[in-house]
Amino acid sequence: TVLPDADGQRSYARSPFARPVQWRDGSGAPVARGMTASLQQRLEARPGGAVYAFDYSANSAGWVGSTGSADNLAAAIRSIADAVHGPVDVVTHSMGGLALRYALRDAPDIAALIGEVVTVAAPTQGSDIANVAVDIAGAIRATMSTVPVLQNLVLPWIGAVCNKQLAEDARGGCDLPPVIRTGIAALGPAGTSLRAGSAELADLPDWPAGLHVHAIAASAVVAMPLPSGKTGEARLGDGLVAETSALAGAADTTVVTCRRDLPPGVGGVGMILSGQVAAPPFGGACGHDAVFSNLEVVDAVLAALRGPASG
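Residues numbered from 1 in each chain as written. Predicted model: local features only at pLDDT ≥ 70, side-chain atom pairs only at ≥ 80, totals over all residues. Heavy atoms only, no water.

**Description of the confidence of the model for the protein chain**
Per-residue pLDDT for the protein chain has a mean of 77; in total, 68% of the residues score no lower than 70. Looking at the elements of the protein chain, mean pLDDT is at its lowest for strand β1 (residues 2–4), recorded as 35, and at its highest for strand β4 (residues 114–120), recorded as 96. Confidence drops under a pLDDT of 50 for residues 1–13, and excluding neighbours within four residues, the segment shows 28 contacts in the predicted structure. Residue range residues 307–311 is modelled with pLDDT below 50. Its contacts to residues more than four positions away, or to other chains, number eleven contacts. (pLDDT = per-residue confidence, 0-100. Helix = DSSP H or I, 4+ residues; strand = E, 2+ residues; numbered from the N terminus. Contact = heavy atoms within 4.5 Å.)

Structure below.
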């Protein structure tokens, strides 16, 4: 979807792909001047290409297998394929990858209309942080049962404000930190379903045979020397989705790693506590909501879309 800016220039909204590139790679180094074009702008600039953003934010609090998202996505793919008279390449972020799998299950005819599929940070095996968030949400719900105004008005209002911000301009995003938004989302069916080991994930449809899927994962690694002389590593994924979850089931995979080596002992711990280490879920170039601000991720998506743009 292409929308006009206040100054009359083209602008992209309602899509995380529209966020300007901020980091050069997993090191967190800033990009050079003139290299801040978003993934969506770079896709639009490809010869013969046209970009369409599918917005399912109105249904994002519900599980993608039980809302109208999959049916609407299938209809959109048919419409675009008909308009461009050719195959449609599909790039998804987060739960969008799961929505596409349900769309392909319920409308198998659209598989023939799709060229390449690229998923980024898809929670195919769920989200480890969702497990924690669901437990926290359960405690919040139990606590708030004695304060109905908080449960029935305050939390829904916060969620509505956040969703409105995302719908108006996904480039700026929601003002709430990702962890808080995840906690709020966990109060709904999507949060419960994304819990690792859930019944919904167990029933997640497989990718159809013959469809080429390239999965991209962001993986933050924090390393610290140990007294034993070895190096201890914590693999944080993108803060919401683990590397293995984001890559599961794909034919080809790419991992963008953000590694931070800390000094040993108190110094390294102090850097984490003081916020000097920008790693998920506290932000950074591999954060779930920030992956398209990472040039290495953007380049990986473009490289996975082999051949000329078709949709």
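Next comes the rest of the description.
**Overview of the state of the cysteines**
In the structure shown here, the tally under the stated rule is one disulfide. Two residues share a disulfide in this structure: Cys 258 and Cys 286, whose sulfurs sit 2.0 Å from each other. Handedness of the Cys 258-Cys 286 disulfide follows from its S-S torsion of about 80°: it is right-handed. Highlighted residues: Cys 258 in strand β7 (residues 252–261) and Cys 286 in the loop between α10 (266–273) and α11 (295–304), separated in sequence by 28 residues. On the basis of relative accessible area, Cys 258 is assigned to the buried category, the value being 9%. (Disulfide = S-S within 2.5 Å. Buried < 20%, exposed > 50% of the residue type's maximum accessible area, 1.4 Å probe, protein only.)

**Considering helix α2 (residues 69–84)**
In this model α2 runs 22 Å from its N-terminal to its C-terminal C-alpha over 16 residues, within 8% of the 22 Å that 1.5 Å per residue would give. Within α2, burial applies to Ser 69, Ala 70, Leu 73, Ala 74, Ile 77, Ile 80 and Ala 81. Each buried residue of α2 lies within a common arc of 135° when the element is viewed along its axis, so the set occupies one face. Residues of α2 that are buried in the fold lie against β3 (88–93), α3 (96–106) and β4. Just beyond α2, the residue with positive phi is His 85, at close to 55°. (Expected span 1.5 Å × (residues − 1). Arc of directions from axis to C-beta.)

**A closer look at the pairing of strand β6 (residues 231–237)**
With six bridges connecting them, strand β5 (residues 212–225) and β6 associate as antiparallel partners. When the bridges of β6 are listed, Ala 223 appears paired with Glu 233. Hairpin geometry of β5 and β6 is characterised by an intervening segment of five residues between the two adjacent antiparallel strands and by a positive phi of about 95° at Gly 229. (Pairing = 2+ DSSP bridges.)

**Some words on the side chain of Ser 219**
Here Ser 219 shows up in strand β5. Residue classification places Ser 219 among the buried residues on the basis of a relative accessible area of 1%. Of the polar contacts made by the side chain of Ser 219, one reaches the side chain of Glu 243; its length is 3.0 Å. (Polar contact = N/O pair within 3.5 Å; in protein donor to acceptor, adjacent residues only side chain to side chain.)

**Observations concerning the pattern of salt bridges**
Across all of its chains, the model carries five salt bridges by this definition. Between Asp 106 and Arg 105 there is a salt bridge; the shortest N-O distance is 2.8 Å. In this structure Arg 105 comes out as partly exposed when scored by relative accessible area, which is 46%. (Salt bridge = Lys/Arg side-chain N within 4 Å of Asp/Glu carboxyl O.)

**Points about α3**
Counted residue by residue, α3 has nine buried out of eleven residues, so it is predominantly covered. Turning to α3, its buried residues number three or more, namely Gly 96, Gly 97, Leu 98, Ala 99, Leu 100, Arg 101, Tyr 102, Ala 103 and Leu 104. Looking at the buried residues of α3, the elements they touch are α2, β3, β4 and α8 (199–202).

**What to know about the packing of aromatic side chains**
Summed over all chains, the structure comprises two aromatic pairs. Their ring planes at 65° and their centres at 4.8 Å tell us that Phe 17 and Phe 292 sit as a pair that is edge-to-face. Of this pair, Phe 17 sits in the loop between β2 (10–12) and α1 (39–45) while Phe 292 sits in the loop between α10 and α11, and the two are 275 residues apart along the sequence. Ring centres of Trp 63 and Tyr 102 lie 6.1 Å apart, and the angle between their planes is 90°; on these two criteria the pair is classed as edge-to-face. Note that Trp 63 is positioned in the loop between α1 and α2 and Tyr 102 in helix α3, a separation of 39 residues in sequence. For Trp 63, a relative accessible area of 4% puts it in the buried group. Overall, the relative accessible area of 4% leaves Tyr 102 in the buried class. (Phe/Tyr/Trp six-rings, centres within 6.5 Å; stacked < 30°, edge-to-face > 60°.)

**With respect to the environment of Tyr 102**
For the pair Tyr 102 and Ser 66, spaced 36 residues apart in sequence, the C-alpha separation works out to 9.5 Å. Once residues lying within four places of it in the same chain are set aside, the contact partners of Tyr 102 are Trp 63, Val 64, Gly 65, Ala 70, Glu 200, Asp 203, Leu 204 and Pro 205.

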